[in-house]
Amino acid sequence: MSAPTIMSTRIITSAPIITTRPRKIVIVGAGFGGLAAAQALRHAKAEITVIDRRNFHLFQPLLYQVATAALSPADISAPIRSVLRDQVNARVMLDKVTDIDRGRRLVLTEGGRAVAFDYLVLATGARHSYFGRDQEWAQFAPGIKTLDDATRLRARILLAFERAELEPDPAKRKALLTFLVIGAGPTGVELAGAIAELARKAVTRDFRTIMPESASIVLIEAGPRILPSFREGLARAAARSLEAMGVTLRVGQAVSEVSAEGVTIGADHLSAGTIVWAAGVKASAAGRWLSAEMDRAGRVRVERDFSLPGAPDIFVIGDTAAHADAEGRPLPGVAPAAKQAGAHVGALIAARLAGRAPPAPFRYRDRGAMATIGRKSAVVDLGRLRLTGLPGWLLWSLAHVWFLVGFRNRLSVATSWFWSYLTWERGARLITGQEIDGTRPALPPAGRREAA
Ligand SMILES: Cc1cc2nc3c(=O)[nH]c(=O)nc-3n(C[C@H](O)[C@H](O)[C@H](O)COP(=O)(O)OP(=O)(O)OC[C@H]3O[C@@H](n4cnc5c(N)ncnc54)[C@H](O)[C@@H]3O)c2cc1C
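Caption draft 1: Empty space enclosed by the protein, seen in detail. By the definition in use, this model includes two cavities of 30 Å³ or more. Space inside the largest cavity adds up to approximately 240 Å³. Forming the boundary of the largest cavity are 20 residues, of which Gln-65, Glu-197, Gly-374, Arg-375 and Arg-426 lie nearest the centre. Counting only elements with at least two residues in the lining of the largest cavity, the list comes to α3 (63–67), α8 (186–202), α12 (389–403) and α13 (407–423). With six residues, α8 is the largest single contributor of residues to the lining of the largest cavity. The residue inventory of the lining of the largest cavity, partitioned by class, reads nine nonpolar, six polar and five charged. The class makeup of the residues in the lining of the second largest cavity is six nonpolar, two polar and one charged.

Caption draft 2: Just the sheet that holds strand β5 (residues 90–94), in detail. In space, the six strands of this open sheet follow the order β5-β2-β1-β9-β21-β20, with mixed pairing throughout. Both outer strands of the open sheet, β5 and β20 (307–308), are each paired with one neighbouring strand and no more. As paired strands, strand β1 (residues 23–28) and strand β2 (residues 46–52) are joined by six bridges and run parallel to one another. Bridging across to β2, Ile-27 finds its partner in Val-50. Strands β1, β2, β9 (119–122) and β21 (311–316) of the sheet are contacted by helix α11 (residues 335–354), whose axis makes an angle of about 155° with β21.

Caption draft 3: Structural context of the pairing of β9. What you see with β9 is no split at all: Tyr-119 and Val-121 on one side and Leu-120 and Leu-122 on the other are buried throughout. Here four bridges tie β1 to β9, and the two strands are oriented parallel to one another. Across the sheet, the residue bridging to Ile-27 is Val-121, located in β9.

Caption draft 4: Spotlight on the environment of Leu-58. Topologically, Leu-58 is positioned in strand β3 (residues 56–58). Overall, Leu-58 belongs to the buried group, its relative accessible area being 3%. Sequence separation between Leu-58 and Pro-336 is 278 residues; the distance between their C-alpha atoms is 14 Å.

Caption draft 5: Region of the structure containing the sheet that holds strand β16 (residues 268–271). What the three strands build is an open sheet, ordered β14-β15-β16; its pairing is antiparallel. The open sheet terminates on both sides in strands that have one partner only, identified here as β14 (257–258) and β16. Of the strand pairs in this sheet, β14 and strand β15 (residues 262–265) are connected by two bridges, and their pairing is antiparallel. Within the sheet, the bridge partner assigned to Glu-257 lies in β15 and is Thr-264.

Caption draft 6: View of the packing of helix α2 (residues 32–40) against α11. Interhelical geometry of α2 versus α11 gives an angle of 30° and a closest axis separation of 7 Å. One element, α2, and the other, α11, form an angle in the roughly parallel class. Considering how the two elements wind past one another, α2 and α11 form a crossing that is right-handed. Note on element contacts: α11 touches α2 through Ala-335, Ala-338, Lys-339, Gly-342, Ala-343, Gly-346 and Ala-347, opposite Phe-32, Gly-33, Ala-36, Ala-37 and Ala-40. A per-class count over the contact of α2 with α11 returns eight nonpolar, three polar and one charged.

Caption draft 7: Molecular detail of unusual backbone geometry. Backbone geometry places Ala-69, a non-glycine residue, at a positive phi of 70°. By the secondary structure assignment, Ala-69 is in the loop between α3 and β4 (77–79). On the basis of relative accessibility, which here comes to 0%, the residue Ala-69 falls in the buried class. For Ser-291, which is not a glycine, the phi torsion comes out positive at approximately 50°. On the secondary structure map, Ser-291 appears in the loop between α10 (286–290) and β19 (300–301).

Caption draft 8: Summary view of the domain arrangement of the chain. Partitioning the chain into domains gives domain 1 (22–53 + 95–128 + 282–354) and domain 2 (134–279 + 374–449). With six residues of domain 1 in contact, the opposing surface of domain 2 contributes six residues. Roughly 480 Å² of surface becomes buried between domain 1 and domain 2 when both sides are summed, with 51% attributable to carbon and sulfur atoms. When residues of domain 1 are sorted by the area they lose upon contact with domain 2, Ala-126, His-128 and Lys-339 head the list and together hold 70% of the total. At the junction of domain 1 with domain 2, the criterion picks out one salt bridge. A salt bridge links Lys-282 to Asp-134, with the nearest nitrogen and oxygen atoms 2.7 Å apart. In this structure, the connection of domain 1 to domain 2 is made through one residue pair in polar contact (both at pLDDT 80 or more).

Parameters at a glance
Residues numbered from 1 in each chain as written. Predicted model: local features only at pLDDT ≥ 70, side-chain atom pairs only at ≥ 80, totals over all residues. Heavy atoms only, no water. 1 Å grid on protein atoms, 1.4 Å probe; cavity = no way out; pocket = protein on both sides within 12 Å on 5 of 7 lines; lining within 4 Å. Points joined across faces, edges and corners; volume = space filled by probe spheres on them. Helix = DSSP H or I, 4+ residues; strand = E, 2+ residues; numbered from the N terminus. Nonpolar A, V, L, I, M, F, W, Y, C, P; charged D, E, K, R; others polar. Pairing = 2+ DSSP bridges. Contact = heavy atoms within 4.5 Å. Axes fitted to C-alpha atoms, helices over the stretch in contact; angles between N-to-C directions. Buried < 20%, exposed > 50% of the residue type's maximum accessible area, 1.4 Å probe, protein only. Parallel < 35°, antiparallel > 145°, perpendicular 65-115°, else oblique. Left-handed = near helix turned anticlockwise from the far one by under 90°. Domains from an automatic or database assignment. Buried area = accessible area lost by both parts, 1.4 Å probe. Salt bridge = Lys/Arg side-chain N within 4 Å of Asp/Glu carboxyl O. Polar contact = N/O pair within 3.5 Å; in protein donor to acceptor, adjacent residues only side chain to side chain.

See the structure below:
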């Protein structure tokens, strides 16, 4: 019975009561930023709760390989519980956060929980943005942000070939074999290259009526060139590689309409069976939960140490934060930036808990950018080291295998890539998530296809 002891202590001493209970740290999101924050706190005397709406960490940079049947979903994801298995101060909660009560310092979830925090780290990432046309365009031009998005897109791409094989009308067949990718940043470039390779190499001998290699793959970009975040020379090399693979580039051309039948660019209409969106993102709802100041993309404006202005115990990191350095340069929305922010915030909280001096102010270390264009070509910009073609692809492959979470995933991805390098095979050519109904017409409009 400890209660009387406490009572007598209170009477005897007039010193302030010091709470010795472990501090509660809640991290929302186990993506690149959230996991890095949790891992930086592994030695902290604290109770860490990592909340995610999914039970796995997702390696988004390789999502396009799931969408184009090169890798399986499990290759690029790792259960959050197993990642944090050995970190005894951390527990994992599978739930979706819906709001934050800043006054009472509670995280509120869809499952009806109210999770108390002393420190809060929000790392909830970003989602697609259709520049205000989300309601109309998202159904016809899905993007890839989640594993479900990627497996749905994989089904769309593979179904397009299947339906073309059964389609007697040449015009409809041509439309089915047309793939449009909107947005020529790294994701759009990688996706267009991978679809071209699928059509021109992986499935060429598998159909009897159609010639998959005759498929038309069009990469559309509103800006003046592809890969705007890369140096011009590397972007030009990437454009040449794409064209050599038969990808048509439409640069400086903004899409004005997207429908079940295709897209409109100025006076042109392009009919297509598959349209993919890789053009824009907006931040998660974290800014709304916090009633915080946000930028145009919905990202929460944070201080240099990622804390919310006026709330030094609440941090926002990764794709959902708008962070600028002393010169006002914005932090890019890429995985290394999210990881470095997570590591910094974790170290900062650990230092505060231990009564140590805070870590040095945050400084982003830009390790460069990479994008792959098919099986044997990539552009790599590491500052002084710039690579294209096969050397670029080898470095790109090594880096991605290295950064994957978990030994099993590294081994599995390396083996899959080695195998498809030798054979062009795509091991994950599965149409899942829908029963194929042979009584349906061969060419349902793309928009109605998923609802059917
Ligand atoms: C297709 C694609 C390709 C990319 N390629 C590259 C690349 O090649 N190189 C690169 O550096 N970057 C790339 N990126 C960007 C990179 O993935 C992001 O910058 C990075 O994931 C951001 O990390 P984050 O921690 O902020 O968010 P994320 O990694 O997105 O993690 C957010 C986490 O929060 C969880 N979450 C969200 N909302 C809630 C909620 N309400 N409740 C509970 N949990 C929630 C999610 O489930 C997720 O686990 C790519 C992104 C995409 C989509």
